[in-house]
Amino acid sequence: MELYPDLRFPLPPEDRPYIAINMVATIDGKIVSGHRGEPVQDLGSDLDHRTMRVLQAGVDGIMIGAGTLRSTPKLWYPAEKFRFVVTQSGNLDPTVRFFTDAPDRAFVVTTGTATVPDGLQSLQSTKESIDWPTILQHMRRELGIHHLLVEGGSDLNASLFASDLIDEIFLTLAPKIKLGADTPTIADGVALPRESIQDWSLVSAQPVENEIFLRYRRLRKEPE
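Residues numbered from 1 in each chain as written. Predicted model: local features only at pLDDT ≥ 70, side-chain atom pairs only at ≥ 80, totals over all residues. Heavy atoms only, no water.

## As for the overall build of the protein
Part 1 of the argument: Of the regular secondary structure elements, the protein holds five helices and nine strands.
Part 2 of the argument: C-alpha extents for the protein along the principal axes are approximately 45 × 45 × 35 Å.
Part 3 of the argument: When the 224 residues of the protein are sorted by exposure, 47% land in the buried category.
Part 4 of the argument: A separation threshold of at least 6 residues defines the contact pool for the protein, and within that pool the share at least 24 residues apart is 64%.
Part 5 of the argument: Surface summary for the protein: the accessible area is close to 11800 Å², and the carbon and sulfur share equals 52%.
Part 6 of the argument: Seen as two clouds, the 23 positive and the 31 negative side-chain charges of the protein have centres 1 Å apart. (Helix = DSSP H or I, 4+ residues; strand = E, 2+ residues; numbered from the N terminus. Buried < 20%, exposed > 50% of the residue type's maximum accessible area, 1.4 Å probe, protein only. Contact = heavy atoms within 4.5 Å. Areas by Shrake-Rupley, 256 points an atom, 1.4 Å probe, with all protein chains shown as cover. Lys, Arg positive; Asp, Glu negative; His and termini not counted. Charge placed at Lys NZ, Arg CZ, Asp CG, Glu CD.)

## Points about the sheet that holds strand β2 (residues 61-65)
Part 1 of the argument: Spatial ordering of the open sheet is given by β5-β4-β3-β2-β6-β1-β7-β9-β8, a layout of nine strands whose pairing is mixed. Strands with a single pairing partner mark the edges of an open sheet, and in this sheet they are β5 (121-124) and β8 (200-208). Strand after strand, the sheet turns through a mean of 20° between neighbouring axes, direction not considered.
Part 2 of the argument: Here seven bridges tie strand β1 (residues 18-26) to strand β7 (residues 168-174), and the two strands are oriented parallel to one another. Considered in β7, the bridge of Asn22 is made with Phe170.
Part 3 of the argument: Sheet strands in contact with helix α4 (residues 132-142) are β1, β2, β3 (82-86), β4 (106-110), β5 and β6 (147-150), and its direction is about 135° off that of β5.
Part 4 of the argument: Lying over the sheet, helix α5 (residues 154-162) contacts β1, β2, β3, β6, β7 and β8, oriented at roughly 115° with respect to β2. (Pairing = 2+ DSSP bridges. Axes fitted to C-alpha atoms, helices over the stretch in contact; angles between N-to-C directions.)

Structure follows, in structure tokens:
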């Protein structure tokens, strides 16, 4: 069985890519099976892993946080896909295959104060924090990225949610309980005020054995 065999995304905005997040979480909303920074391949099933590849095939680029890359140094992406790793510090290993498999398509997204390892391409803000509108506009207009898939972690997701830049969520609900007040969820960060809570529409919910594959799309009000 394969999910989303006819996957289609809406057209992107003019000034940035259309952005989807793909995550797997336990019933109680946690995204790790061990500790933060450890691999999480055991959280989802083989179908969840195959679905991740389907989603990757449907986009132009994939973006992850530096913690995700450090926890999975053997992370593999198709050679034709742009790949971006987001870091505040620039503390990255340039020898991992994320960079060496397709060096012309690998980019570091970081702040204006970080030092990027020699030989790596970067999309660097002029500010002390990451300037998402400028970075995403460059991806869209200069690199031709119409659709971007984000694969965590929770800090990166939270930053994008807080800026209201996520258009879709693909969430696999794994039949597990983790617990832990400080265990990461799909998006942590600073809580939104009540008046800013985001509304989402359920596109599909597909139960397969003990997992549920959820797809949501952001509901945004039309400008008056």
